[in-house]
Amino acid sequence: MKDYKAYFIIPAVPELVYLALTTAETIRLWTGDEVVMAAEPGTEFSWWDGAIVGKNLSFEPGKKIEQQWYFGEQQEPSIVTIKLHPHKQGTSMEVRQTHIPDEDYADIVDGWHTVYAASLIEFYTE
């Protein structure tokens, strides 16, 4: 199991980035795929037509999102914490993901950079 941490600069204020990560209609706009999402602890979510699935754990509007991402039968849950910090160019999005299975690590890191963050940055750059 591995952990991952990264920062991405999103060209929008934290409140807008938070809405883009917690509102199904907005998530659909920047992912282009089917989404199931409710900003309520204990609810399950599905992004990118089921490529990312899990359970919502906690929310701090405009500041923090915590989720559990599913990886099949796993002893330790993979927890994703996204913190949004004001930045002179918009938002510094801090991403931390724990307990990533070794065999999935490279794909997860690549996905954070080339799909998740890249799509969100592109959405606010257009």
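As the structure is a computational prediction, the values presented were derived from the model and not from experiment.

Undergrad: Explain the overall build of the protein chain to me, using residue names and the numbers behind them.
TA: Scanning the protein chain from terminus to terminus reveals 3 helices and 6 strands. Helices and strands appear in the protein chain in the N-to-C order β-α-α-β-β-β-β-β-α. For 126 residues, the compact-globule formula gives about 14 Å, and the C-alpha radius of gyration of the protein chain, at 14 Å, lands near that figure. By its C-alpha atoms, the protein chain is 40 × 25 × 25 Å across when sized along the principal axes. A burial count over the protein chain gives 44% of its 126 residues as buried. Sequence separation of 24 or more characterises 47% of the internal contacts of the protein chain that already satisfy a separation of 6 or more. By element, 51% of the accessible surface of the protein chain is carried by carbon and sulfur atoms, the whole surface being about 6700 Å². Placing the 9 positive and 20 negative side-chain charges of the protein chain at their respective mean positions leaves the two points 11 Å apart.

Undergrad: Explain the packing of aromatic side chains to me, and be specific about the residues and the numbers.
TA: Centre-to-centre distance and the angle between the planes together describe a pair of aromatic rings. For the coordinates displayed, the defined rule picks out 11 aromatic pairs. Ring geometry for W30 against Y116: centres 5.7 Å apart, planes inclined by 70 degrees, an arrangement best described as edge-to-face. On the criterion of sequence distance, the pair formed by W30 in helix α2 (residues 24-31) and Y116 in helix α3 (residues 105-125) is long-range, its members being 86 residues apart. Summarising the burial analysis for this pair, W30 and Y116 share the class buried. Each residue in the set W30, W47, W48, W69, W112 and Y116 is aromatic and connected to the rest through ring pairs, giving one cluster.

Undergrad: Talk me through the packing of helix α1 (residues 14-22) against α3; I want residue IDs and the actual numbers.
TA: At their nearest, the axes of α1 and α3 sit 12 Å apart, and the two run at 125 degrees to each other. With respect to their mutual orientation, α1 and α3 come out oblique. As for the relative orientation of α1 and α3, their crossing is right-handed in sense. Across the interface between the two elements, L16, V17, A20 and L21 from α1 touch Y116, L120 and Y124 from α3. A class-by-class count of the residues in the contact of α1 with α3 yields 7 nonpolar, no polar and no charged.

Undergrad: Before we move on, could you go through the pattern of salt bridges and cite the residues and values that matter?
TA: Evaluation of the coordinates by the stated rule reveals 2 salt bridges. Linking R96 and D3 is a salt bridge whose minimum nitrogen-to-oxygen distance equals 4.0 Å. One end of the pair, R96, is in strand β6 (residues 90-100); the other, D3, is in strand β1 (residues 2-10), with 93 residues separating them in the sequence. With a relative accessible area of 43%, D3 lands in the partly exposed category. Between K5 and E94 there is a salt bridge, with its nearest N and O atoms 3.7 Å apart. Of this pair, K5 sits in strand β1 while E94 sits in strand β6, and the two are 89 residues apart along the sequence. Its relative accessible area of 11% is what places E94 among the buried residues.

The rules behind each value
Residues numbered from 1 in each chain as written. Predicted model: local features only at pLDDT ≥ 70, side-chain atom pairs only at ≥ 80, totals over all residues. Heavy atoms only, no water. Helix = DSSP H or I, 4+ residues; strand = E, 2+ residues; numbered from the N terminus. Rg over C-alpha atoms; globule rule 2.2 N^0.38 Å. Buried < 20%, exposed > 50% of the residue type's maximum accessible area, 1.4 Å probe, protein only. Contact = heavy atoms within 4.5 Å. Areas by Shrake-Rupley, 256 points an atom, 1.4 Å probe, with all protein chains shown as cover. Lys, Arg positive; Asp, Glu negative; His and termini not counted. Charge placed at Lys NZ, Arg CZ, Asp CG, Glu CD. Phe/Tyr/Trp six-rings, centres within 6.5 Å; stacked < 30°, edge-to-face > 60°. Axes fitted to C-alpha atoms, helices over the stretch in contact; angles between N-to-C directions. Parallel < 35°, antiparallel > 145°, perpendicular 65-115°, else oblique. Left-handed = near helix turned anticlockwise from the far one by under 90°. Nonpolar A, V, L, I, M, F, W, Y, C, P; charged D, E, K, R; others polar. Salt bridge = Lys/Arg side-chain N within 4 Å of Asp/Glu carboxyl O.

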